Amino acid sequence: MALPDVAPQSMAGFDLESILTLRPGRITELDGAVGSGLTRLGLRFLAGPSTRSEVVAVDVKGWLSPMAAWEVGVEPGRLVVVRCPDPGMWTQVAGVLVEGVRALYAEVPAGVKEHDLRRLTALARARRAGVVLRPLGPELPAGIAHLRLRVVEVRWEGSERGHGRLTRRHLVMEATGKAVAGMRRRIEVVDDGSNVVRVVSRVGAGERGRAAG
């Protein structure tokens, strides 16, 4: 999917297109409140890999619909949805999946232990699997996520007067981690309900201070 041209000064050489691209052997973390649109964003990461092989989504809440994945471009015949709300089983299930697929989006239930998450990270690195984790409890421990995307603002179009048809959701997110050279950068992701979940270029690199993680 083509993305808008990026003004050279907007992100100081940062490749916006790579934000929605899975990185082999790396963990991407999505952090934000339930209902902020992160499920669709997480599924969007699977769209590209699904053109080449099977992809997997691990559903903890029990709400995930395959149609949501199809709407963001995931190939219908290559999506596997695994439902696993049990923190004790989740680590084992996620590990088996990382062993067998190259692209995984997984909600993380509260209660998964740090050492299990670090073991999963090492396995993803060894298997060259691209993994997106969506914690439903606390954020991931430091050093696990190569890229962390945290929702700082959600805006809707179409309900400005308190009524009307919702047409677009805008997620303003803070990107941190090694993927952005340890800097804090703000990006905006637009979701119009179709398969056009894209990064827009008009949000510049907000804070340029160093960030841990």
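Refer to the structure above for everything that follows.
Just so you know, the residues in each chain are numbered from 1, in the order the chain's sequence is written. Local features in this predicted model are restricted to residues of pLDDT 70 or higher, and side-chain atom pairs are both shown and tallied only at a pLDDT of 80 or more, whereas totals for entire chains, interfaces and linings draw on every residue. The side-chain figures draw on all heavy atoms in the structure; neither hydrogens nor water molecules are used.

Undergrad: What is the right way to look at the pattern of salt bridges in this model?
TA: Where charged atoms from two side chains of opposite charge approach closely, those side chains can pair. For this document, the term salt bridge refers to a Lys or Arg side-chain nitrogen within 4 Å of an Asp or Glu carboxyl oxygen. Using the criterion set out here, one finds 13 salt bridges in the structure. Arginine 148 is the partner of glutamate 29 in a salt bridge, and the nearest nitrogen-oxygen pair spans 3.5 Å. Pair noted here: glutamate 29 is in strand β1 (residues 27-31) and arginine 148 is in strand β6 (residues 147-157), with a separation of 119 residues, a long-range link. You'll find glutamate 29 and arginine 148 in the same group, each marked buried. Arginine 40 is paired through a salt bridge with glutamate 71; the nearest N and O atoms lie 3.0 Å apart. Within this pair, whereas arginine 40 is found in helix α1 (residues 38-44), its partner glutamate 71 is found in helix α2 (residues 66-71), the two being separated by 31 residues in sequence. Only protein chains enter the accessibility calculation, which uses a 1.4 Å probe. A residue is then buried if its area is under 20% of the maximum for its type, exposed if over 50%, and partly exposed in between. For glutamate 71, a relative accessible area of 34% translates into the label partly exposed. Each helix is a run of H or I in the DSSP string that is no shorter than four residues. Each strand is a run of E no shorter than two, and both are numbered from the N terminus.

Undergrad: I'm lost on the pairing of strand β7 (residues 168-176) in this one. Help?
TA: When a strand is regular, its side chains alternate between the sheet's two faces. Summarising burial for β7: eight of the nine residues are buried, a large majority. Strands pair, by our definition, only if DSSP identifies at least two bridges between them. In the sheet, β6 pairs with β7 via nine bridges, with the strands oriented antiparallel. Its bridge partner lying in β7, arginine 150 is registered against glutamate 174. Relative to strand β8 (residues 185-191), β7 runs antiparallel, the two being bridged by seven bridges. From the neighbouring strand, glutamate 174 faces β8, where its bridge partner is arginine 186.

Undergrad: Help me understand the nonpolar core, please; the structure alone is not making it clear to me.
TA: Note that soluble globular proteins tend to have their nonpolar side chains buried in a common cluster. Here, nonpolar core means buried Ala, Val, Leu, Ile, Met, Phe, Trp, Tyr and Cys residues that are tied together by side-chain atoms lying within 4.5 Å of each other. Core analysis: the largest hydrophobic core is formed by 32 residues, its most contacted members being Leu43, Leu46, Leu149 and Met173. Breaking this core down by element, the ones donating at least two residues are α1, β2 (55-59), α2, β4 (103-108), β6, β7 and β8.

Undergrad: For this particular structure, what's the right way to read helix α4 (residues 114-127)?
TA: Given 3.6 residues per helical turn, the α-helix brings residues three or four places apart onto the same face. In this analysis, the expected span of each helix is defined as 1.5 Å times one less than the number of residues it contains. Given a rise of 1.5 Å per residue, 14 residues ought to cover 20 Å, and the 20 Å separating the end C-alpha atoms of α4 matches this to within 8%. Asp116, Leu117, Leu120, Thr121, Leu123 and Ala124 are the residues of α4 that are buried. Seen from one end, α4 has its buried residues packed into an arc of 165 degrees, which puts them on one side. Exposed residues on α4 whose side chains face more than 90 degrees from its buried face are Arg119 and Ala126. Looking one or two residues beyond α4, the residue adopting positive phi is arginine 128, at roughly 60 degrees. This arc is taken over the directions from the axis of the helix to the C-beta atoms.

Undergrad: Sorry, what's going on with a positive patch on the surface here?
TA: Patch definition: residues above 30% relative accessible area lacking any salt bridge, with like charges linked at up to 9 Å and the nonpolar side chains Val, Leu, Ile, Met, Phe, Trp and Tyr linked at up to 5 Å. In these tables, accessible area is a Shrake-Rupley quantity obtained with a 1.4 Å probe, and a residue counts as shielded only by the protein chains included in the view. A residue counts as positive if it is Lys or Arg and as negative if it is Asp or Glu; His and the chain ends are not included. To locate a charge, the coordinates of NZ of Lys, CZ of Arg, CG of Asp or CD of Glu are taken. Taken together, the side chains of Arg26, Arg125, Arg128 and Lys178 present a region of like positive charge at the surface. Given a relative accessible area of 52%, arginine 128 falls into the exposed group.

Undergrad: So what exactly am I meant to see when it comes to the layout of surface pockets here?
TA: Once rolled over the atoms, a probe with the size of a water molecule shows which space is left empty. Throughout, the protein atoms alone are placed on a 1 Å grid, and a set of points is a cavity if a 1.4 Å probe fits but cannot get out or a pocket if it is open with protein on both sides within 12 Å along at least five of seven lines; lining residues have an atom within 4 Å of a point. Grid points are joined across faces, edges and corners, and a volume is the space filled by probe spheres set on the points. Of the pockets and cavities examined, the second largest pocket occupies roughly 220 Å³. If you go around the second largest pocket, you meet 15 residues; those closest to its centre are Gly35, Leu38, Thr39, Lys61 and Trp63. Ranked by residues supplied to the lining of the second largest pocket, first place goes to α1 with three residues. Taken together, the residues of the lining of the second largest pocket break down into six nonpolar, four polar and five charged. Amino acid classes used here: Ala, Val, Leu, Ile, Met, Phe, Trp, Tyr, Cys and Pro are nonpolar; Asp, Glu, Lys and Arg are charged; the rest, including Gly, are polar.

By themselves these figures say nothing about function.
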